[in-house]
Every structure is written in structure tokens, then in C-alpha cells.
Amino acid sequence: MGEIENLVMPPYRPYAFVTYRSEENALKAHAQLNGQTLHCGENLVTLYLSYVESVTCEEEEAPQPLPEGLVLVEDFVSPEEEALLLAAVDWSVSDDVTAEKALKHRRVKHYGFEFRYDNNNVDKDKPLPTGIPVECRPVLERCVKNGHINTVPDQLTVNQYESGQGIPPHVDTHSAFEDTILSLSLGAKTVMEFRHPDGRVVNVMLPGQSLLVMKGESRYLWSHGITPRKFDMVPACDPQCPPHTTCDLGAHNNLTLIKRGTRTSFTFRKIRHEPCCCAFPSACDSQGARSAPLTSAPSPPSIPRCHADAALLEEEYVHRVYNAIACHFSSTRHSPWPRVCHFLSSLSPGSVLADVGCGNGKYLGVNPEVIAMGCDRSSTLVQICAERGFQVFVSDALSVPLQTAACDACISIAVIHHFSTQERRLAAVRELVRLLKPGGRALIYVWAFEQEFNQQKSKYLKDYNKEHAGNHSPSNNTTEDSQEPKGDRNADVSQVTDGRLSVHTNRTAFSSRDLLVPWHLKDGKTPRRQAGGERGESQGGKKEKRTEKSNNVSDNSSLNGLGSNKESHSGSYGNPDGLRSEQENSPAPVFHRYYHVFQQGELEQLCALVDGVEVQSSYHDQGNWCVILEKR
């Protein structure tokens, strides 16, 4: 196509720039390559190109500091020590001594004490027959000598990740382990994401033979995880720089891709025998937050009153929940909603569509004539989309890494009601508008408070009545999302007397606009339809097919759970570091998802606060309030 001058890969952007030495060659490349499908190994990649006049080269940013208390020590072990440690773990033998687990996303062995994924803790009175392998002793003694730890750990978890595997974001249970956690990376390098509850993200490249030390805030407050993918974006090699450049990838403008290989991590921890009294009570199960499953329900969380509270609430009751239930959630989402399909089918061929909050991607293939791309906050749902061949990436709906005015259309289906303050819901609408070209349109669906509208009950209410046909006192106020209340429709129903969120009883009328909605993680033997439509919204039309696997629970065995181990509403509301999944006969967990359900007119009023847009139409669709916006 002509001589290429440069390749620019901006960090955290789902696009790159290719510059040519002549305008003629650039135009020729755009005309001949746009929309072409390439074979990359076993995968097919479609090129979506836009022609731009120039590329702005941003100045190198100052590195974002690592989370407080986080230290990365490169080349902590020698190649000989690495080989010795890897040889000490025999994956060919499965035994009770090491409590080996074959989880969906990785293989695991435990030494000293077993970490229980059913209650996110350890049996402190039941040590395993064999402690930490003796091959680890020199490494741990060096950690003590160098001041990384004060006492020798007594628990070891070995994780083995193949290319494409990862671990969802989590915070190690406070009540289970002492402050310092050591993670030794052996084999291939990878990128680990650290995320603060306020939304800050720091990506750290972990080279082989390196030691990661987590203390204080980085251990107790920041979640850490590894996105399941086969390639990582890392700083390109610079002859003027040392071969190992640590840490924040966002500070680099010259990036490249590296293919992941097999990585084995040795995570050393010290069992805690007294309650945790750390300085982060909002994230500490010993101090009332995210407690392990209980026999009775604790108080639900408070309604957020500031940005920091909102970010914490959404992290626990939205982000982590959907990562934990992703496989089960996806198995219940098959049939696209008719009026959403009508909007998508109305788009002109070649239109660029962004599905912000795409879930399992069921709308990305509705109109094959458009260039569709999706994003979701759940890395597990994004992986499901990618496996189906869709163009997707992980992103927060408040900050989508696409250029301004890049899209002809956007859809946001059942997403904005998960933001817990008016300011954050408004910011989500503004972000959709930012993505649109002038004249572009956006379709927004949110869960409605009024589940019975114009004397028509939503399918959610009707399904309840069918299931309870034998009940002599049928409920007239049951909906998946909400129903119009008795009395004054304009009354403020968002007030909760003690300032805490209420827990919704599935398929009943909403008593407040800010609430927690249960999700029962079920196996395939349960015939009842899962309560909840599109992330909680009910929808009419054909019944969705139920094709759940026989063990949906164990499919999520390595994921974070945020629910109880009891049916209905008993149990904890925050259960951070695992999911009941290893015992097939255990009761299915219950997760609680935060929702703000919209009253009539509220969505239109929210959109009216955004400059430069016009509400083309609004309507009620089977328990949801919906608007179509046009950017002027």
C-alpha cells in the first residue's frame, strides 16, 4: 500500500494510528483495507479504518505512582532458583495434601492451609498435612532479611495460568491473612491491574522471576486481578533504557504487544488469628464490611452520599457481582429485545455502532451491515463476547476509550440504572453523547419503577402470577423491575428510613428507587426462570431458552462473590474473595446487585441536562423506560 512511516499505539485505547509517507498511499490503504478480514493464527480479525489528516503525538506522561505499599522487585530469584521452585510443584499428581483445584481459569495448589472458595476464608484449625515446600525456604529467608516481611509465611497458594487465562479483580480476605502478601512470578511475564474504589487504575507489568510485595493500602483497599487474554500491551524496547522497565504502562507512548505464555505464581501469606483492625474499615470484613456468609442477614449498605461512597458501592454490588455471575448471566441472555432490534436495523450500512455495556454481546450481531463494537466493565463478559467473534474491550461506561464523535449510533441497554448517584448517571449519558457524531442517535434503556403501565402488567409480573397460579392470594404488585405504586405516583419513593438500601423481593413491586436486587446462582437442574431480565429488566416477547450447564456454579469457581450461601435474602451482602463453587452439593449463592429504578419522566429530565442533544422519542417497553437521543 506504500511506505509506512510510523505505528502509534496510544495506551488504553482500542485503536492505533498508521502513518504513511504520502497522502496518496494513506488514502489507498484506507480504501483497500477498510473492512477486510485478516487471518491471525486461528483467529479472524476485521480491520476498521478511519482516515485522519494528522496524528497528535502526546508528550510522555509522568509515571502514575504505584498504589501505596506496593513494591515490585525484579530478578528476585535466579533462573536456577526459578527452575527449582517450578519443579517442586507436581501438577501430574492430584492429592488432598496440597488441596489441588482445577478451576475454570487456572490450576491451583494450596500448601499449609487451604483457601476455601466457598466461604472465602481458610480453615485455621485444619492445617494441611504438608506445609510450604522446603524449596521455598531460601526465598522466604531472603524476604525476611531484606525487610519485605517480618515473619515467615505459613500459607502458600500456587496458581498456574496458561495463555488466555486470568483471575478477576479481588482483595484478599482481611480476616484470613495478615498484612503483607508476597507474590512471586515465575515463567512468562504478565500485566496485573490494580484498581482503587474511586476508579483509579494502575497496570503493573510483572516480569518472570520478580517479587511483588503488597502491604497497607495496596493489600487492603486496592483490588488486583489479571484480565484473561492472550496478548498484553507493554512498553516497546528502547535501546537507551534498561531492559526491564517497571510499572505504570500509561506513562509510555511507545507500546507493543507480547504474547502470553505459561505463568506460575507463588503467593505467600501469613494466617491471621485475631480480627483485622486495619485502617480501611469500608473494605474490612472484620470491621463489618464484606463479611463472610452468616446465618442471618446483616444490614445492607447505606445509600451513597458522595463520589467515593458511590464508587465503593458500585465496585462491590455491580462490578464484582457481574464478574462473578457472568457465565450464568450469559446463559440466560439469548433473545434480543424487539424494539432494540428495530433501532439497530434502522441504521445505515457502514454505520459505526458502540454498545456501551454490551453484556454477552447479544446486540452486536443484530445488524451485520454496521461496524459494531462493544465494551463492558466485566472482563469475564467481554471474554464471552470475544469468544463469539465480536469486537469488544473492557471499559467503564463513564470513560470509554473512543474518540469524540466517532460513532453514528450508541446503545446503552440496562446500564445507567447501575450508577448510584444522579451525578454519575448524568456523566454516563454525557459520555454516550460525546461518542456520537452530529446527527448521531443513542438508545437508552433503564429499569422502570412503573412495572404496570397503562393498565398493562410487564411480563415480569405476568410470569410471577403464572408461577403462583395455585396461590389463593395472588400478588398484584410483582415485577422484575418495578411497578406503579398505589397512591400518589409522584411521591418520592426513594427515601429509606434508616438511610440504607432496601433489598428487593424478586417479582414484587418496588418500595424504593435505590435498592439491591438478588441474583440466585442456580445450576441447570432448576427449571424456574431466573428472576431478572437484561441485568434486571423484564422484557416481553418470546421466552428465552434455558440452556444452562449442569454446574454453572463451578464455572465461576475462581471469581469473586458478593452474596450469601443461603437462599433468598439470608446471608451476607458482601463476600469478596471467592465464590461458593467447589462443593457441588453446596447451596447456591445469592448475589445482590445495586439498582436505581427510574420513575416516569426521570430519564427524560436527566437527558435534558445534557447540552447539544434532543430527545427524539421516549416510551415504556415491558418494564423499562427508554429514550432515543439525537446529537445536534
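Notes on the structure in this doc start here. Every value quoted in this text rests on a predicted model; they were computed, and no experiment measured them.

1. Thoughts on the sheet that holds strand β24 (residues 436-447)
Here's step 1: Spatial ordering of the open sheet is given by β22-β21-β20-β23-β24-β32-β31, a layout of 7 strands whose pairing is mixed. The open sheet terminates on both sides in strands that have one partner only, identified here as β22 (392-394) and β31 (613-620). Here the strands of the sheet are splayed against their neighbours by 15 degrees on average, with no regard to which way each runs.
Here's step 2: The strands that helix α6 (residues 338-345) touches are β20 (352-356), β23 (407-413), β24, β31 and β32 (624-631); relative to β24, the one it contacts most, it runs at about 175 degrees.
Here's step 3: Contacting β21 (371-376) and β22, helix α7 (residues 379-387) crosses the sheet at an angle of about 165 degrees to β22.

2. A look at the sheet that holds strand β13 (residues 190-195)
Here's step 1: One open sheet holds the 4 strands; their spatial order is β11-β16-β13-β14, and the pairing between them is antiparallel. A single partner strand is all that each edge strand has here, and the edge strands are β11 (167-170) and β14 (201-206). Going from strand to strand, the sheet's axes swing by 20 degrees on average, the running direction of each strand aside.
Here's step 2: Where β13 meets β14, 6 bridges bridge the pair, whose relative direction is antiparallel. Across the sheet, residue Val 191 finds its bridge partner in β14, namely Met 205.
Here's step 3: The sheet strands contacting helix α5 (residues 307-331) are β11, β13 and β16 (223-226), and the helix crosses β11 at an angle near 170 degrees.

3. Brief notes about the packing of aromatic side chains
Here's step 1: Taken as a whole, this structure holds 10 aromatic pairs when the rule is applied.
Here's step 2: Residues Trp 447 and Phe 510 carry aromatic rings whose centres are separated by 5.2 Å and whose planes lie at 80 degrees to one another, so their mutual orientation is edge-to-face. Linking Trp 447 in strand β24 with Phe 510 in the loop between β27 (502-503) and β28 (514-520), this pair joins segments that are 63 residues apart in sequence. An identical accessibility class is assigned to Trp 447 and Phe 510; each is buried.
Here's step 3: Each residue in the set Trp 447, Phe 449, Phe 510 and Tyr 595 is aromatic and connected to the rest through ring pairs, giving one cluster.
Here's step 4: A cation over an aromatic ring shows up here: Arg 269 above the ring of Phe 177, its NZ or CZ 4.1 Å from the ring centre.

4. Quick look at the side chain of Ser 351
Here's step 1: For Ser 351, the position within the fold is in the loop between α6 and β20.
Here's step 2: Using a relative accessible area of 9% as the deciding quantity, one classes Ser 351 as buried.
Here's step 3: There is a polar contact of 2.6 Å between the side chain of Ser 351 and the backbone oxygen of Ser 348.

5. Digging into the pairing of strand β19 (residues 263-269)
Here's step 1: By the criterion of burial, β19 is predominantly enclosed, with 7 of the 7 residues buried.
Here's step 2: Going residue by residue along β19, you find Arg 263, Ser 265, Thr 267 and Arg 269 tucked away on one face and Thr 264, Phe 266 and Phe 268 tucked away on the opposite face as well.
Here's step 3: Where strand β10 (residues 155-161) and β19 come together, 7 bridges link them in antiparallel fashion. Across the sheet, the residue bridging to Asn 159 is Ser 265, located in β19.
Here's step 4: Relative to β19, strand β12 (residues 181-187) is paired through 6 bridges, and the arrangement is antiparallel. If you follow Leu 184 over to β19, its bridge partner there is Phe 266.

6. Remarks on unusual backbone geometry
Here's step 1: The phi dihedral of Gln 209 is positive, around 75 degrees, even though this residue is not glycine.
Here's step 2: By the element assignment, Gln 209 lies in the loop between β14 and β15 (210-214).
Here's step 3: Backbone geometry places Ala 414, a non-glycine residue, at a positive phi of 65 degrees.
Here's step 4: Within the secondary structure, Ala 414 sits in the loop between β23 and α8 (422-435).
Here's step 5: Note on Ala 414: relative accessible area 0%, which makes it buried.

7. Brief notes about a nonpolar patch on the surface
Here's step 1: The grouping of Ile 4, Leu 7 and Val 18 at the surface amounts to a nonpolar patch, some 280 Å² of accessible area in total.
Here's step 2: One can find Val 18 in strand β2 (residues 17-20).
Here's step 3: By relative accessible area, which is 44% here, Val 18 ends up partly exposed.

8. Details of the nonpolar core
Here's step 1: Within the largest apolar cluster, 35 residues are counted, with the highest numbers of intra-cluster contacts made by Val 356, Cys 410, Ile 416, Val 429, Ile 444, Leu 603 and Leu 629.
Here's step 2: Mapped onto this core, the elements with two or more residues apiece are β20, β21, β23, α8, β24, α11 (602-608) and β32.
Here's step 3: Looking at this core element by element, the count peaks at 6 residues for α8.
Here's step 4: With sequence-adjacent residues up to four places away left out, Ile 444 is seen in contact with Ser 412, Ile 416, Val 429, Leu 432, Leu 603, Cys 607, Trp 625, Cys 626, Val 627 and Leu 629.

Calculation criteria
- For every chain, the first residue of the written sequence is number 1, and numbering continues from 1 onward in sequence order.
- Per-residue local features are limited, in this predicted model, to residues with pLDDT of at least 70; the limit for side-chain atom pairs, both in listing and counting, is 80 or more; totals at the level of whole chains, interfaces and linings are taken over all residues.
- Side-chain figures throughout are based on the complete set of non-hydrogen atoms in the structure, without hydrogens or water.
- The pairing criterion for strands is at least two bridges between them, as found by DSSP.
- Each helix is a run of H or I in the DSSP string that is no shorter than four residues. Each strand is a run of E no shorter than two, and both are numbered from the N terminus.
- Axis geometry follows a simple rule: fit a line to the C-alpha atoms, using only the stretch in contact for helices, then measure angles between N-to-C directions, giving values from 0 to 180 degrees.
- By the convention used here, residues are in contact when the closest approach between their heavy atoms is within 4.5 Å.
- Working definition: a ring pair exists when centres of Phe, Tyr or Trp rings (six-membered ring for Trp) sit within 6.5 Å. Plane angles under 30 degrees give stacked, over 60 give edge-to-face, the rest tilted.
- Exposed residues in this analysis have more than 50% of their type's maximum accessible area, buried residues have under 20%, and partly exposed residues fall in between, with area computed by a 1.4 Å probe over protein chains only.
- For a lysine, the NZ atom is tested; for an arginine, the CZ atom; a charge sits over a ring if that atom is within 6 Å of the ring centre and within 35 degrees of the ring normal.
- Pairing of N or O atoms within 3.5 Å defines a polar contact, subject to two protein rules: one partner must be a possible hydrogen donor and the other a possible acceptor, and residues neighboring in sequence count only if both atoms are side-chain atoms.
- To count toward a patch, a residue needs a relative accessible area over 30% and no salt bridge; like charges are then connected within 9 Å, while nonpolar side chains (Val, Leu, Ile, Met, Phe, Trp, Tyr) are connected within 5 Å.
- Each accessible area is a Shrake-Rupley estimate made with a 1.4 Å probe; only the visible protein chains count as cover when residues are assessed.
- Any carboxyl oxygen of Asp or Glu that lies within 4 Å of a side-chain nitrogen of Lys or Arg is treated as forming a salt bridge with it.
- Residues belong to one nonpolar core when they are buried, are Ala, Val, Leu, Ile, Met, Phe, Trp, Tyr or Cys, and are joined through side-chain atoms within 4.5 Å.

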